[in-house]
Amino acid sequence: MDKRRQEIERKRAKLAELRNLANLRKADRQRADAERRTSDGASSSYTSTSKKDIDELLNGLVPPRSGLDSGELTPSSSVPGTPAMGHTVNLPALAGISLSSSGRASRQSDIQERLSIGNVGSVNSATDNVIERTMTPRSFKFVDIEQPLFEFPHKERVIYNKEVQTTFVETEPSADYEAELRQRMTREREVEVERIARDKELEEESVKLDQEIEQEIRDLTEEERASILAAPEFLEFVENSSKIVQRALNDGYDYIRDYTINTESGGDDSEGKRVKRVCEFWDERYGKNRSITDIDWSPKYPELSVASYNKNPAALNEPDGIVAVWNLHMLERPEFIFHSQSDVLSVTFSPFHANLIFGGTYSGQILLWDTRSKHLPVLKTPLSAAGHTHPVYAMQMVGTQNAHNLITSSTDGTVCSWLVDMLAQPQETLELVHAGHNKTGEVAITTLDFPDNETTTFWVGTEEGNVYQANRYDRAGAKAGLNQYDVYKGHSGPVMGLHFHPLVGPVDFSDLFLTSSVDWTVKLWRAKSLAKPSTTPHTVSPLYSFDEADDYVYDVKWHPAHPAIFGTVDGSGKFDLWNLNTDTEVPVVSTTVGTGRALNKLQWDRKDGRRAALGGSDGRLYVYDIGDMGLPRESEWTDMQKTVASIVGSGQANGVAESDPARIVAGR
């Protein structure tokens, strides 16, 4: 395609060059014709002007014939060449000269003599160009004196030549000039013939190039159009370019905002306590009849979030599991779509590789997708007993940039540790079993979490409602596997969410964790110290129980920046925001999200916790902004210490033993 386009561009450039050359030659020819016409006009004007001047000069010198016949112009018979008496010829140049009858000339003032010069017709060749002079007689007075007699001299015959009267003008061209003119005309004719031939050749080549270009850019047939539209390169181009356009169109900045209005509006009492919905991600093509099973935020790009989806029962030809990466700047469709052969139940971004996304499936496979690749996973675990064979509901990446592992758990009580670049088999495998179970010793794990700065010990929530502590390796006083002695008992239904307090701020609350369950409650726990493991069976009760929910509480998460804030989502579609420093009995903000369908997952953004992503059972991903509520004051950690002490003291004051499985519901 590129070679074809380049060839067309070369032909177009050559055609343009030929046309420019033809235009230049045409301009030169027009300029030469204009110069020739100018010179011819000047020459003809000069010639006509010269002829006109000569005719006027001759008419002024020789007047036209007036009543003279051939007899009058005949010379006298006595003296050949002498004009007859009585005829006058006016000669302007000889005015004032008198001739007497005897042939003498005198200069007397009373004698007026007029001489005329005319164009006299020739009698014979001997009298050509002869000017006749006529003498006017005068009377003389004679005195008686003696003088010698003279004979009258013969009258002088004056012959004039044209060279005397006028300047010679050559009217007939010379032979050399004619030859030169013929040569020049011949050369011009040859040049013109050559130019016409060259123009014809250029025109033919131009027409040929036009035809070739027209043939190259002809209308495509239906088969050709279909093949182009189905080409992977074309589809990739449309996909990438349309993403860029949609990002620009979805920019929510108000370009016509007026900063001069509402500058003095007073603060609202509820200001800072409301949450605002930022956007709602939904694509009917991918989300129809599906539910969101897990969500996560990108560790590198704060505008990206990922959501996993289960099966669409109505679409048999679509993949069972889907993972969608959404962009806050592109709401209409996902940034990336990945496919799975089984329902995707858990998903997480790799915190050390921004392009990698891990997913756990209903079949037990662990999948790895790369945003630089296509829809299918680049790596996946085999369906064998070496890995998981039951649904994987929980996974977490632990470690550092240079040494990290992916920890996954399934409902058969298996916990596996994987290397990112080798999913053929797990690096470690743990079978979590408990001797207290009646029928089977395995523990059905529904959720899992590691405390901050901990890579070995973790806590799991189970379908039976208990929480257990487990170790990946043998450590001082504890063996690898499930801790058989410490049982965190408090829920009466499966545990759906478990989250440890983040290690932020001047006070360490990382031993506190929250759990949510289908028993409509959220419970606050304190993990036992790892330095003092139990040697006998011991039941750990919750510190506090939050019983405000009216439906299943599917997930709970501590705020990443504020020590006393956490959020919950439940089956009635409510997003509740709690602040333990403000109130421990009711949430500070309770918002019904969307149409009221159940919310399955909650995840705070990794940057500052200002946004919360909520995954719904209707397949919609909601993003809410909590405003300034997530910005902690300096005293929040001290207040949180007081709140926890108050909760613990209230529980002891009510006489509830730590081993009592009953709920602890206390106020501040």
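The model shown is predicted, which means the values in this text are computed figures rather than measured ones. (Residues numbered from 1 in each chain as written. Predicted model: local features only at pLDDT ≥ 70, side-chain atom pairs only at ≥ 80, totals over all residues. Heavy atoms only, no water.)

Engineer: Lay out the overall build of the protein chain with the relevant residues and their values.
Structural biologist: Scanning the protein chain from terminus to terminus reveals seven helices and 31 strands. In the protein chain, which comprises 668 residues, the proportion classed as buried is 39%. At a minimum sequence separation of 6, the contacts of the protein chain that also span at least 24 residues come to 56%. A total of about 39,200 Å² of accessible surface is found on the protein chain, and carbon and sulfur atoms cover 51% of it. (Helix = DSSP H or I, 4+ residues; strand = E, 2+ residues; numbered from the N terminus. Buried < 20%, exposed > 50% of the residue type's maximum accessible area, 1.4 Å probe, protein only. Contact = heavy atoms within 4.5 Å. Areas by Shrake-Rupley, 256 points an atom, 1.4 Å probe, with all protein chains shown as cover.)

Engineer: I'd like a description of the sheet that holds strand E13 (residues 404-410), backed by residues and values.
Structural biologist: If you trace the four strands from one edge of the open sheet to the other, you get E12-E13-E14-E15, paired in antiparallel fashion. The outermost strands of the open sheet, each flanked by one partner alone, are strand E12 (392-399) and strand E15 (428-431). Strand-to-strand twist of the sheet, defined as the mean angle between neighbouring strand axes without regard to direction, takes the value 15°. In terms of strand pairing, E13 meets strand E14 (residues 414-418) through four bridges, oriented antiparallel. Note that in E14 the partner of Ile407 across the bridge is Ser417. (Pairing = 2+ DSSP bridges. Axes fitted to C-alpha atoms, helices over the stretch in contact; angles between N-to-C directions.)

Engineer: Before we move on, could you go through unusual backbone geometry and cite the residues and values that matter?
Structural biologist: Most of the time, phi is negative for any residue but glycine, and the peptide bond is trans. Although it is not a glycine, Asn289 adopts a positive phi angle of roughly 60°. Looking at where Asn289 falls in the secondary structure, it is placed in the loop between helix H6 (284-287) and strand E4 (292-297). You can call Asn289 partly exposed: its relative accessible area is 46%.

Engineer: Quick one: what's the story with the packing of aromatic side chains, residue by residue and with numbers?
Structural biologist: In total, this model carries 17 aromatic pairs according to the counting rule given. Judged by centre distance (6.3 Å) and plane angle (15°), the ring pair of Phe336 and Phe338 falls under stacked. A relative accessible area of 24% means that Phe336 is categorised as partly exposed. Above the face of the Trp282 ring, Arg620 is positioned so that its terminal group lies 4.4 Å from the ring centre. (Phe/Tyr/Trp six-rings, centres within 6.5 Å; stacked < 30°, edge-to-face > 60°. Lys NZ or Arg CZ within 6 Å of the ring centre and 35° of its normal.)

Engineer: I'd love a proper account of the nonpolar core, names of residues and values included.
Structural biologist: By size, the foremost hydrophobic cluster in this structure holds 21 residues, and its most contacted members are Leu512, Leu514, Leu524, Phe546, Trp558, Phe566 and Met640. Listed by contribution, the elements that provide at least two residues to this core are strand E21 (512-517), strand E22 (522-526), strand E24 (544-546), strand E25 (553-558) and helix H7 (636-653). Among the elements that make up this core, the one with the highest residue count is H7 (four residues). Excluding anything up to four places from it in sequence, Met640 contacts Phe509, Leu512, Trp558, Pro563, Ala564, Leu580 and Asn581. (Core = buried A, V, L, I, M, F, W, Y, C linked by side-chain atoms within 4.5 Å.)

Engineer: Lay out the pairing of strand E20 (residues 495-500) with the relevant residues and their values.
Structural biologist: Regular strands place their side chains on alternate faces of the sheet. Across the six residues that make up E20, a large majority, five, are buried. Pairing between E20 and E21: five bridges, direction antiparallel. Its bridge partner lying in E21, Val495 is registered against Ser517.

Engineer: I'd like to hear about the pattern of salt bridges, residue by residue, with values.
Structural biologist: For the structure on display, the rule yields 19 salt bridges. Note that Arg372 is salt-bridged to Asp370, the shortest N-O span being 2.8 Å. Two residues, Asp511 and Arg526, come together in a salt bridge whose shortest N-O distance is 3.2 Å. Here Asp511, found in the loop between E20 and E21, pairs with Arg526, found in strand E22; they are 15 residues apart in sequence, far enough to count as distant. Under the relative-accessibility criterion, Asp511 is labelled partly exposed at 28%. In this structure Arg526 comes out as partly exposed when scored by relative accessible area, which is 37%. (Salt bridge = Lys/Arg side-chain N within 4 Å of Asp/Glu carboxyl O.)

Engineer: Any chance you could break down the sheet that holds E20 for me, citing the residues and the numbers?
Structural biologist: Here we have four strands laid out as an open sheet, ordered E20-E21-E22-E24, and antiparallel in their pairing. Each edge of the open sheet is held by one strand with a lone partner, namely E20 and E24. Direction aside, the axes of adjacent strands within the sheet are offset by 20° on average. Bridging between E22 and E24 involves three bridges; their strand directions are antiparallel. The residue of E24 that forms the bridge with Val522 is Phe546.

Engineer: So what about the pairing of strand E18 (residues 467-471)? Which residues, and what values?
Structural biologist: The buried fraction of E18 amounts to five of the five residues, a majority that puts the element mostly inside the structure. Burial of the side chains of E18 extends over both faces: Val467, Gln469 and Asn471 are buried on one face and Tyr468 and Ala470 on the other. The pairing of strand E17 (residues 457-462) with E18 spans five bridges and is antiparallel. Across the sheet, the residue bridging to Trp459 is Gln469, located in E18. As judged from the four bridges shared by E18 and strand E19 (residues 481-488), these two strands associate in the antiparallel manner. Paired with Tyr468 across the strands is Val487, a residue of E19.

Engineer: Describe in detail helix H3 (residues 175-216), supporting the description with residues and values.
Structural biologist: For H3, built from 42 residues, the straight-helix expectation of 62 Å at 1.5 Å per residue is met to within 8% by its first-to-last C-alpha distance of 61 Å. For H3, the set of buried residues is Arg195, Leu202, Ser206, Leu209 and Ile213. (Expected span 1.5 Å × (residues − 1).)

Engineer: So, the side chain of Thr457: which residues are in play, and what are the values?
Structural biologist: Within the element layout of this structure, Thr457 appears in strand E17. Within the structure, Thr457 has its side chain in polar contact with the side chain of Asn471 (distance 2.9 Å). (Polar contact = N/O pair within 3.5 Å; in protein donor to acceptor, adjacent residues only side chain to side chain.)

Engineer: I'd like a description of the confidence of the model for the protein chain, backed by residues and values.
Structural biologist: It should be kept in mind that the predicted coordinates are not to be read in detail where pLDDT is low. Mean pLDDT for the protein chain: 76, with 73% of residues reaching 70 or above. Counted against residues more than four places away or in other chains, residues 263-272, with its pLDDT under 50, gives two contacts. Across residues 652-668, where pLDDT falls below 50, the model places 41 contacts with residues more than four positions away in sequence or in other chains. (pLDDT = per-residue confidence, 0-100.)

Engineer: Help me get a handle on the environment of Gly413, residues and values and all.
Structural biologist: Position of Gly413 relative to the elements: it lies in the loop between E13 and E14. Exposure remark for Gly413: the relative accessible area of 0% places this residue in the buried category. With 21 residues separating them in the primary sequence, Gly413 and His434 have C-alpha atoms 9.8 Å apart. With residues near it in sequence (within four places) discarded, Gly413 still touches Leu430, Glu431, Leu432, Val443 and Ile445.

Engineer: Please set out a nonpolar patch on the surface residue by residue, giving values where relevant.
Structural biologist: Side chains of Leu229, Phe234, Leu235, Phe237 and Val238 sit close together on the surface and give an oily, nonpolar patch of about 450 Å² of accessible area. Ranked by the residues each element gives to the nonpolar patch, the list is headed by helix H5 (residues 232-249), at four residues. A relative accessible area of 44% means that Leu229 is categorised as partly exposed. (Patch = residues over 30% accessible without salt bridge, like charges linked within 9 Å, V, L, I, M, F, W, Y side chains within 5 Å.)

Engineer: Please provide a residue-by-residue account of the environment of Thr447, values included.
Structural biologist: Of note, Thr447 is situated in strand E16 (residues 445-449). In this structure, the C-alpha to C-alpha distance between Thr447 and Ala394, residues 53 residues apart in sequence, is 5.2 Å.

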